[in-house]
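Listed here are the chains, written in short residue letters.
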Amino acid sequence: MKRPDLSGTTIGSSFALSKRIGNGNFGDVYLCKQVFLNRDSALKVVPTNDADFLSNVLEPQLQHLVAHPQIVRVESADVWVDNSGSPYLLIEMEVMKGGSLQEAIESDITLRGSVDALKDALFALHHAHSFGIVHRDVKPGNILLGSSGGKLSDFGIAMAVSRQMRVSNFFYNANLAPESIKAPVFTPQSDVYAAGLALFRAVNGIKNWRATRATLKDAKASFIAGTVVQDLGFAPHVPEKLRRIIRKACHADVAKRYASSAAFRDALERLKFERDWVRVPDGWACNYGGKTEQILIARGARSWSVDYLRGATRKRPECATGLTELEAANYAAQLVARTTLT
């Protein structure tokens, strides 16, 4: 059911909503002003009823329970009843001004930026798992970015494993581990898989996950078999060391996956970034050793070429000519892959 946009209204006793910034299966998120305290917040507005109330209120309880520097902070929770008598759960959270990792992917986040955001999210996951809480919805849209790095958000379908209590029976099939699709079984290792798939999406610059999944011969079979990463493959600019880490995180066999989010994070920590390449209209650019480096793709009269420049100087051994457009794009990407990590 489509929910009305409440932007421009004041709800509850003190929330002046300015703009809807997100919506999902269960509710909408607004930028708002907490009028009494004069603070900017993000407010999640969740329709509820007597039957769902206890499970709905579990979301802010879990997110508050696992308070951590890399988990979006819950400021307050309340109930609001609109003019028609319909009840809503209001979850007030800190504002993350950098948007989500998904939005960053759409703006061509760098490899290093992607890895840094996932390391922070994995730090948060390890903390949640230590409390016996499985997130169940780790994806780029639920990793928010700000001045203090990446933060994990949206415990809307999380579950407390020891009590088998869950916020909802819904789950997002497009990022699930194979064992969670089949059973469904949710464990810390299924969160590891989802985090690996989120990183896969980020480093490959997959802006539209739905459209990308549609390119698979049999998407459902790929997800059930746990072969999504292999079936889609990596973009040529992704270094092999990073590919190996993602393959292990997304291994179909739980026993061959990272045993914990901490182990996954440790593997990413061992990567040593030498360059942080940024996409530019005609190729790639970075700052290295105090100078600008560029990998530029150019069209000639009969063919395409790739120039590697350090400042104004061509690094001749890395340059190439006589290429097709696709060959030039792939060669430039392979240069990025070779020079990103030490």
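Conventions adopted
- Residues numbered from 1 in each chain as written.
- Predicted model: local features only at pLDDT ≥ 70, side-chain atom pairs only at ≥ 80, totals over all residues.
- Heavy atoms only, no water.
- Helix = DSSP H or I, 4+ residues; strand = E, 2+ residues; numbered from the N terminus.
- Polar contact = N/O pair within 3.5 Å; in protein donor to acceptor, adjacent residues only side chain to side chain.
- Contact = heavy atoms within 4.5 Å.
- 1 Å grid on protein atoms, 1.4 Å probe; cavity = no way out; pocket = protein on both sides within 12 Å on 5 of 7 lines; lining within 4 Å.
- Points joined across faces, edges and corners; volume = space filled by probe spheres on them.
- Nonpolar A, V, L, I, M, F, W, Y, C, P; charged D, E, K, R; others polar.
- Pairing = 2+ DSSP bridges.
- Axes fitted to C-alpha atoms, helices over the stretch in contact; angles between N-to-C directions.
- Parallel < 35°, antiparallel > 145°, perpendicular 65-115°, else oblique.
- Left-handed = near helix turned anticlockwise from the far one by under 90°.
- Buried < 20%, exposed > 50% of the residue type's maximum accessible area, 1.4 Å probe, protein only.
- Arc of directions from axis to C-beta.
- Core = buried A, V, L, I, M, F, W, Y, C linked by side-chain atoms within 4.5 Å.

**Examining unusual backbone geometry**
In step 1: In this structure, Asn-38 is a non-glycine residue whose phi angle is positive, near 55 degrees.
In step 2: With respect to the element layout, Asn-38 can be found in the loop between strand 3 (28–34) and strand 4 (39–47).
In step 3: Phi at Asp-154 is positive, roughly 60 degrees, even though this residue is not glycine.
In step 4: Structurally, Asp-154 can be placed in the loop between strand 9 (149–152) and strand 10 (159–160).

**Here's the deal with the side chain of Gln-63**
In step 1: Among the secondary structure elements, Gln-63 is positioned in helix 1 (residues 53–65).
In step 2: A polar contact of 2.9 Å, which involves the side chain of Gln-63, links it to the backbone oxygen of Val-72.
In step 3: Beyond its immediate stretch of four places on either side in the chain, Gln-63 contacts Ile-71, Val-72, Val-74, Met-93, Ser-153, Asp-154 and Phe-155.

**Quick notes on the layout of surface pockets**
In step 1: Roughly 1300 Å³ of internal volume is contained in the largest pocket.
In step 2: Around the largest pocket, the lining comprises 42 residues; the ones closest to its centre are Ile-21, Gly-22, Asn-23, Gly-141 and Asn-142.
In step 3: Put simply, the parts of the chain that give the lining of the largest pocket at least two residues each are strand 2 (15–23), strand 3, strand 4, helix 2 (101–106) and helix 6 (209–213).
In step 4: Considering every element that reaches the lining of the largest pocket, the biggest residue donor is strand 2, with four residues.
In step 5: Tallied by class, the residues present in the lining of the largest pocket amount to 15 nonpolar, 13 polar and 14 charged.

**As for the pairing of strand 5 (residues 74–81)**
In step 1: Pairing of strand 5 with strand 6 (residues 87–93), which is carried by seven bridges, proceeds in the antiparallel orientation. Along strand 6, the bridge assignment pairs Ala-77 with Ile-91.
In step 2: From the end of strand 5 to the start of strand 6, which pair antiparallel, there are five residues, and Gly-85 there has a positive phi angle of about 90 degrees.

**A short note on the packing of helix 3 (residues 111–130) against helix 10 (residues 261–269)**
In step 1: Direction vectors running N to C along helix 3 and helix 10 enclose 155 degrees, while the axes themselves pass 8 Å from each other. One element, helix 3, and the other, helix 10, form an angle in the roughly antiparallel class. Helix-helix and strand crossings are classified by hand; for helix 3 and helix 10 the assignment is left-handed. Residues Val-115, Leu-118, Lys-119, Asp-120, Leu-122, Phe-123, Leu-125, His-126 and His-129 of helix 3 pack against Ser-261, Ala-262, Phe-264, Arg-265, Leu-268 and Glu-269 of helix 10.

**Observations regarding helix 10**
In step 1: Listed as buried for helix 10 are Ser-261, Phe-264, Arg-265, Ala-267 and Leu-268. Seen along its axis, helix 10 keeps its buried residues to an arc of 155 degrees; they face one direction.
In step 2: Each element contacted by the buried residues of helix 10 is listed here: helix 3, helix 5 (188–203) and helix 9 (240–249).

**Here we look at the nonpolar core**
A general feature of soluble globular proteins is that nonpolar side chains tend to end up buried together.
In step 1: Of all hydrophobic cores here, the largest spans 54 residues; its most connected members are Leu-197, Leu-199, Leu-242, Phe-264 and Leu-268.
In step 2: Every element with two or more residues in this core is listed here: helix 1, helix 2, helix 3, strand 8 (143–146), helix 5, helix 8 (228–232), helix 9 and helix 10.
In step 3: If we skip the residues at most four places from it in the chain, Phe-264 touches Leu-122, Val-192, Ala-195, Gly-196, Leu-199, Ile-245, Ala-249 and Tyr-258.
In step 4: In terms of nonpolar packing, the next biggest core, distinct from the first, is built from 14 residues, Ile-295, Leu-323, Ala-332 and Val-336 among them.

**A word on the sheet that holds strand 2**
In step 1: With antiparallel pairing, the six strands of this open sheet are ordered in space as 1-2-3-4-6-5. Two strands lie at the open edges of the sheet, namely strand 1 (10–11) and strand 5, each paired on one side alone.
In step 2: Two strands pair when backbone bridges link them, and strand 2 and strand 3 are joined in this way by seven bridges, in the antiparallel orientation. Across the sheet, residue Arg-20 finds its bridge partner in strand 3, namely Tyr-30.

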